[in-house]
Amino acid sequence: MAHKFVGQPTARMEGPDKVTGAARYAADYVLPGMAWGRILRSPYPHARIVSIDASAARALPGVYAVVTGKEHPYYAGRAVRDHAVLAVDTVRFVGDRVAAVAAQTRELAEQALSLIEVEYEELPAVFDVDAALRPDAPRVHEDPKSYPGAFTHPAEPKVPNVCGYMRWQHGDLDAGFAQADQVFEHTFHTPTEHHGYIEPHAVLASVQADGRAEVWASNKSPYMLRAQLAACFGVEAASIRLHNLHIGGDFGGKGSQMEAPVAYLLSREAGRPVKLVMSYTEELMAANARHAARIDIKTGVRRDGTITAMHVDLKFNGGAYGAYKPMPNLNLHGADQAASCYRVPAIDIHSTVVYTNTIPGGHMRSPGCPQTMFAVEAQFDLIARALGMDPAQFRRRNVLQAGDASATGVQWPTVRAAETLEAALRESGYFERRGREPNVGFGIAMYERGVVGGDSSCALELSPDGQVTVVLPIGDPGQGTFTAVQQFVGEALDMSPAEVRIRIADTDELPFDFGVGGCRTTYAVGQTVMSAVAALREKLAPLAAQALGCAPDVLAWEGGQVSAGGRALTLAELAALSGGPVTAQVYQKLGLFPEQPDTNFTAQVAEVAVDPETGQVTVRRITSAHDVGTIVNPVGHQGQIEGAMLMGLGFALMSEHRMDDGQPLALHLGDYKIPCIADIPELNTVLLERPQGPGPFNCGPIAEAANVPAPAAIANAVADAIGAPIMQLPVSAERVYGLLQQRRRSQAA
């Protein structure tokens, strides 16, 4: 069905403010009498705090407060509260918070930090999942299940340092492996990755003498942050007011409490507003990152390439704390999507999030998924080559067909996996071009993604002059929700989207929202906005019907007017009839996952060239085919796809947050590598639209569709180019050079 405004390329409504500097971010806010906060961080990955002497810092003129964990033993977290606001007696990673200062200036706060003397007793530490899970491993936490919100799965292994464990099973695994002609077992590794957003974390907190508090934070889930602060300090959530702000990039990293509890505590103790802005060195030292992973996969296949069974064991390096993971099971949802685009009669998936003495792991664009899909898709290429099959033919044999259930037994109403795969193969020229040039390779990978829900609220206001304003409970870190909402309202009321104003509410004004993330906002907030449009119409319809002399059910909403029988009223005239502004506020209850699960498929083909002398990888082209619902804003939609592909390229080739005994080796963006404009290959997008989708006007998810398969497709393309398997990301020039040298030595022998 054609729409008037939905589906039209539309400029981002907040774009001008962002590019001209008019948009205000957390670090831009200043309050009278405001102090600057700074945090003293641990130089050790694991140590006991023997003593802290802050007397010299407290005596420094211009210092308003110095706080330590011993004096203020508060614990914060999203699902589990296992991270002390300031270390009480033990530090667990390099960068852990030890003490904090509020002072007249940032420089004075830094000087005060230098005067704090801390005596540590170093403790044994663990840095990777294998070491952490050994029976005799040092315990990162002595009693991790004692923290509020800790989760224990009935089948959780009895080993040290388990933060969270989940298991998904479907089919008869033993029978599946018994039917296999060959069984393949491989181990893969992926690195820790930082989000690379432009804006570092910043927070301004003002706690009044009566306990009321206001907080301005670079946080995409203000209602959740309010709840986290309330739980941390034992106060009522209603006593804290979170201001919704512009956010300078997120990619999953701006959903946690981060340093907001420290700012709240400093403000309370100093008796004045306190602002904390992390430097990028602190970001790379202490901000929640994508989990490094070890993935062991065992797959049984018949001689013709048909998969009979899979056993997948994922171990995610969760870092020192679980406090930055929002799911109650403290796990990553990507694990249960292993091989979800393929027919797998029997599967057993184990996912363990492991405590180590490293940077705490949090959520990053489709958490757990790029790691999982890399391992699955890389193994599929290894199996195909061992069987003498083209990797594309192996996938054709196993890809889901219409009516098939997923590997874990989920039944979707629409399955277009095979269609999407064929589109990517066709548009990339895979069969025509693969194998025609030396040192050039092609790789394939797939992914599927549905929407996430969660309660939301909003208000629609009609002012006396006829202006329509949508009051939203969230900011827009970059996903384009504001513009999509304008298009939804414009379509529903048949008025130009540009005439629809957007205003962001603080947490005192609207009841709740689950927050930005997980491909939810256009779906969940969009549903809520459409309910508000219906509620506003319901309020206005009796007035319009009476004025036009008709029944409410014959009213037509066209051209920003309501009409019947050849007569019409403008929205301004309707507002005047009501005697003042008209507001419709709604609270929409939405399950975290839709009652009828649905998903959309992505298939990608990457083409790379490898320099055989240096190992340097050049990505020539990525073809990304997407099974999509209604595209609300083609400009924003394409931006999500291309931005995601580049993020996936970074994870594939360069974005490795390396550690040496827990110490981050890159502490600025000169050393930590993310893709730049010179790395952008030809990006080819294929869209397979369909009339079904869970959101307003049948729209569906897109934000996390393209970054997940890209690392796997690129890695498989490199393996194809050099004739050697890729078992570890990133596929850096150094790593590829080592594989080439190893291959040459083995050929010479």
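Everything below is about the structure printed above this text.
Keep in mind that what you see is a predicted model, and the values were worked out from it rather than measured.

Chemist: Describe the overall build of the protein, listing the residues and the values that go with them.
Modeler: A tally of helices and strands in the protein yields 18 helices and 30 strands. Against the compact-globule benchmark of 27 Å for 749 residues, the protein has a radius of gyration of 27 Å, which places it among compact chains. If one aligns the C-alpha atoms of the protein with their principal axes, the spans along those axes are about 90 × 75 × 50 Å. Restricting to contacts in the protein with at least 6 residues of sequence separation, those with at least 24 account for 80%. Summed over its atoms, the accessible surface of the protein is roughly 27300 Å², and 51% of this surface lies on carbon and sulfur atoms. Considering the protein, the positive charge centre built from 62 side chains and the negative charge centre built from 81 side chains are found 2 Å apart.

Chemist: Quick rundown of helix α13 (residues 481–493)? Include the residues and the values.
Modeler: Its 13 residues place the ends of α13 18 Å apart at the C-alpha level, agreeing with the 18 Å of an ideal helix rising 1.5 Å per residue. Among the 13 residues that make up α13, 13 are buried, leaving the element largely enclosed by the rest of the structure. Where α13 ends, the next residue or the one after it, D494, has phi of about 55°, a positive value.

Chemist: Before we move on, can you summarise the pattern of salt bridges with the specific residues and values?
Modeler: As enumerated under the stated definition, the model contains 48 salt bridges in all. Where R433 meets E607, a salt bridge forms, and the shortest distance between an N and an O atom there is 2.9 Å. Here R433, found in helix α12 (residues 430–433), pairs with E607, found in strand β26 (residues 600–610); they are 174 residues apart in sequence, far enough to count as distant. We classify R433 as partly exposed; its relative accessible area is 30%. Here E607 and R620 are joined by a salt bridge, their closest N and O atoms 3.2 Å apart.

Chemist: Give me the sheet that holds strand β27 (residues 617–628): which residues, what numbers.
Modeler: Taken in spatial order, the four strands make up an open sheet running β18-β26-β27-β30, and their pairing is mixed. Every other strand in the sheet has two partners, leaving β18 (440–449) and β30 (682–689) as the edge strands with one partner each. Between one strand and the next, the sheet's axes are offset by a mean angle of 15°, whatever the strand orientation. By the bridge criterion, eight bridges tie β27 to β30 in an arrangement that is parallel.

Chemist: Got a sec to walk through the environment of V582? Specific residues and values, please.
Modeler: With respect to the helices, strands and loops of the structure, V582 is situated in strand β25 (residues 582–588). Put simply, V582 and V468 are 114 residues apart on the chain and 9.7 Å apart in space, counted from C-alpha to C-alpha.

Chemist: Can you lay out the environment of Y264 for me, pointing to particular residues and giving the numbers?
Modeler: Here Y264 shows up in helix α7 (residues 260–270). Filtering out sequence-adjacent residues up to four positions away, Y264 remains in contact with A205, V207, G211, A213, L229, F233, V235 and I240.

Chemist: Give a description of the sheet that holds strand β22 (residues 556–558) that names residues and reports values.
Modeler: Spatially, three strands are ordered β22-β23-β24 in an open sheet, and the strand pairing comes out antiparallel. Of all strands in the sheet, those bounded by a partner on one side alone are β22 and β24 (567–570). Across the sheet, the mean angle separating the axes of adjacent strands is 30° when strand polarity is ignored. Inspection of the sheet shows β22 paired to strand β23 (residues 561–564) by three bridges, in the antiparallel sense. Within β23, the position partnered with E558 by the bridge is Q561. Most of the contacts of helix α14 (residues 521–548) go to β24, to which it runs at about 135°, and overall it touches β22, β23 and β24.

Chemist: Talk me through the pairing of strand β1 (residues 35–41); I want residue IDs and the actual numbers.
Modeler: Sheet faces and side chains relate simply in a regular strand, where the side chains alternate between the two faces. Counted residue by residue, β1 has six buried out of seven residues, so it is predominantly covered. In terms of strand pairing, β1 meets strand β14 (residues 274–277) through two bridges, oriented parallel. From the neighbouring strand, A35 faces β14, where its bridge partner is V274. Direction of pairing for β1 relative to strand β7 (residues 97–103): antiparallel, over a ladder of six bridges.

Chemist: Break down the pairing of β25 for me, with residues and values.
Modeler: Of the two faces of β25, the one holding V582, A584, V586 and Q588 is buried and the one holding T583, Q585 and Y587 is not buried anywhere. Note: strand β19 (residues 456–462) against β25, seven bridges, orientation antiparallel. The residue of β25 that forms the bridge with A459 is Q585.

Thresholds applied
- All residue numbers here refer to positions counted from 1 along the written sequence of the relevant chain.
- In keeping with the predicted nature of the model, local features appear solely for residues at pLDDT of at least 70, side-chain atom pairs appear and are counted solely at 80 or more, and the whole-chain, interface and lining totals rest on all residues.
- Calculated side-chain values reflect all of the structure's heavy atoms, with hydrogen atoms and water omitted.
- Secondary structure elements are defined from DSSP: runs of H or I of at least 4 residues count as helices, runs of E of at least 2 residues count as strands, and each element is numbered from the N terminus.
- Restricting the calculation to C-alpha atoms gives the radius of gyration, and the globule rule supplies 2.2 Å times the number of residues raised to the power 0.38.
- When checking whether two residues touch, look at their non-hydrogen atoms; a contact exists if any pair is within 4.5 Å.
- Method for areas: the Shrake-Rupley scheme with a 1.4 Å probe, in which residue coverage is limited to the protein chains shown.
- Here Asp and Glu are counted as negative and Lys and Arg as positive; His is not counted, and neither are the chain ends.
- One atom stands in for each charge, and that atom is NZ of Lys, CZ of Arg, CG of Asp or CD of Glu.
- For a helix, the expected span equals 1.5 Å multiplied by the residue count minus one.
- Exposure is judged per residue with a 1.4 Å probe applied to protein chains only, and the accessible area is read against the type maximum: over 50% gives exposed, under 20% gives buried, and values in between give partly exposed.
- Each salt bridge in this description consists of a side-chain nitrogen of Lys or Arg and a carboxyl oxygen of Asp or Glu lying within 4 Å of one another.
- Only strands joined by at least two bridges in the DSSP assignment are considered to pair.
- Axes here mean lines fitted to C-alpha atoms, for a helix over just the part in contact, with angles spanning 0 to 180 degrees between N-to-C directions.

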